[in-house]
Amino acid sequence: MKKYYKINEIAKLYNIKTDSLRYYEEVGLICPLRSKSNYRLYTLNDIYILNIIRDCLKLGYDTSQIKEYLDHRSVNNTIVFLKEEERLIQKQIQELNTTLRSIQTRIESLDHTKNIEFNTCKVQLYPKRYCRYLKEKIDQDEKIDFLLTKLTESMEEDISVLGNMDSGSIVEYKNNEYVYTSVFVLTQEEKYDFILDEGLYCTYTYTGDYDRTNQIFYKMKDWIQEHDYTIEGPFLEFLLIDIHETKKVEEYITSIHVKVKPR
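A short tour of the structure in this document, coming up. (Residues numbered from 1 in each chain as written. Predicted model: local features only at pLDDT ≥ 70, side-chain atom pairs only at ≥ 80, totals over all residues. Heavy atoms only, no water.)

### Description of the packing of helix H1 (residues 7-14) against helix H3 (residues 44-58)
Point 1. One way to put it is that H1 packs onto H3 with a least axis distance of 12 Å and a crossing angle of 35°. As for the relative orientation of H1 and H3, their crossing is right-handed in sense. Along the contact surface, H1 presents Ile10, Leu13 and Tyr14, while H3 presents Ile47, Leu50, Asn51 and Arg54.
Point 2. Split by residue class, the contact of H1 with H3 holds five nonpolar, one polar and one charged. (Axes fitted to C-alpha atoms, helices over the stretch in contact; angles between N-to-C directions. Helix = DSSP H or I, 4+ residues; strand = E, 2+ residues; numbered from the N terminus. Left-handed = near helix turned anticlockwise from the far one by under 90°. Contact = heavy atoms within 4.5 Å. Nonpolar A, V, L, I, M, F, W, Y, C, P; charged D, E, K, R; others polar.)

Right, here's the structure in full:
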């Protein structure tokens with residue numbers, strides 16, 4: 001004896017609204033039988049079709065594409081369908097691998113902060129780095145985070161704020177004071193706004209609140225002059241650890257960089 005299912009049973013089975021089932025019927029994807037009381041009755045064949053519809057929707061097919069496939073279903077067309085599904089799964093695997101590598105890199109970066117030498121100036125060689133940036137006057141810490149979020153949202157890369165040590169602010173000396181003028185994110189994209197040139201950078205890294213930062217600019221400037229270097233660009237402030245990784249202010253780590261060259 002053939003088994004029939006009511007619309008509420010099917011809706012519960014597929015966790016979809018009854019309106020969706022009625023819509024599938026309206027556009028010709030399924031054609032349930034009708035009882036003498038005009039209730040919809042779904043057969044095992046309808047369940048097969050609903051399984052196909054579900055798989056097609058996962059691939060991003062619209063209803064017209066699904067109907068085209070259902071109306072011309074064959075072994076060859078199913079092979080094409082499965083190859084498309086394979087392509088999308090491979091793409092998802094690549095995206096997951098990229099995300100995994102990013103997470104692993106951030107874990108390594110956070111672990112590396114345990115070995116940082118704090119509260120001392122030193123000169124280090126850095127490679128060429130590509131950056132995206134958003135130029136806007138910044139007058140408070142909260143705005144820095146807002147602008148970084150705005151900048152990363154505009155980029156094609158999927159950038160997480162947790163453990164992301166490749167972002168910061170540009171600080172320029174204007175009208176006898178240091179002013180935050182823009183935020184930046186290091187990027188692997190071909191599209192970039194400017195390049196941090198390869199070369200020597202004087203760095204100073206400290207822990208705790210940001211209220212020391214302005215004093216450190218002057219301290220670094222004096223150290224650079226005393227050690228026979230000259231400054232070649234703006235200061236770069238990297239927030240290695242901040243509110244995104246910890247609620248403990250004493251665990252914050254800020255690193256200041258500025259490009260230098262020997263006199």
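### Things to note about unusual backbone geometry
Point 1. We note that Asn15 has phi near 55°; this positive angle belongs to a residue other than glycine.
Point 2. Residue position: Asn15 is located in the loop between H1 and helix H2 (18-26).
Point 3. With a phi angle near 60°, Asn119 is a residue other than glycine that sits in the positive phi range.
Point 4. On the accessibility criterion, Asn119 (40% relative accessible area) is partly exposed. (Buried < 20%, exposed > 50% of the residue type's maximum accessible area, 1.4 Å probe, protein only.)

### A word on the pattern of salt bridges
Point 1. Applying the stated rule across the entire model yields ten salt bridges.
Point 2. Here Lys67 makes a salt bridge to Asp71, at a shortest N to O gap of 3.1 Å. With Lys67 and Asp71 both in helix H4 (residues 63-71) and four residues apart, this pair spans about one turn of that helix.
Point 3. On the accessibility criterion, Lys67 (29% relative accessible area) is partly exposed.
Point 4. Under the relative-accessibility criterion, Asp71 is labelled partly exposed at 48%. (Salt bridge = Lys/Arg side-chain N within 4 Å of Asp/Glu carboxyl O.)

### A closer look at the sheet that holds strand S3 (residues 40-42)
Point 1. Spatial ordering of the open sheet is given by S1-S3-S2, a layout of three strands whose pairing is antiparallel. Of all strands in the sheet, those bounded by a partner on one side alone are strand S1 (5-6) and strand S2 (33-34).
Point 2. Both S1 and S3 contribute to a ladder of two bridges, which runs antiparallel. By the bridge assignment for S3, Tyr5 is matched with Tyr42. (Pairing = 2+ DSSP bridges.)

### As for the nonpolar core
Point 1. Within the largest apolar cluster, 22 residues are counted, with the highest numbers of intra-cluster contacts made by Leu21, Ile30, Leu50 and Ile53.
Point 2. Elements supplying a minimum of two residues to this core: H1, H2, H3, H4 and helix H5 (75-112).
Point 3. Considering each element in turn, this core owes the most residues, six residues, to H3.
Point 4. Apart from the residues within four sequence positions on either side, Leu21 is in contact with Ile7, Ile10, Ala11, Ile16, Ile30, Tyr42 and Leu50. (Core = buried A, V, L, I, M, F, W, Y, C linked by side-chain atoms within 4.5 Å.)

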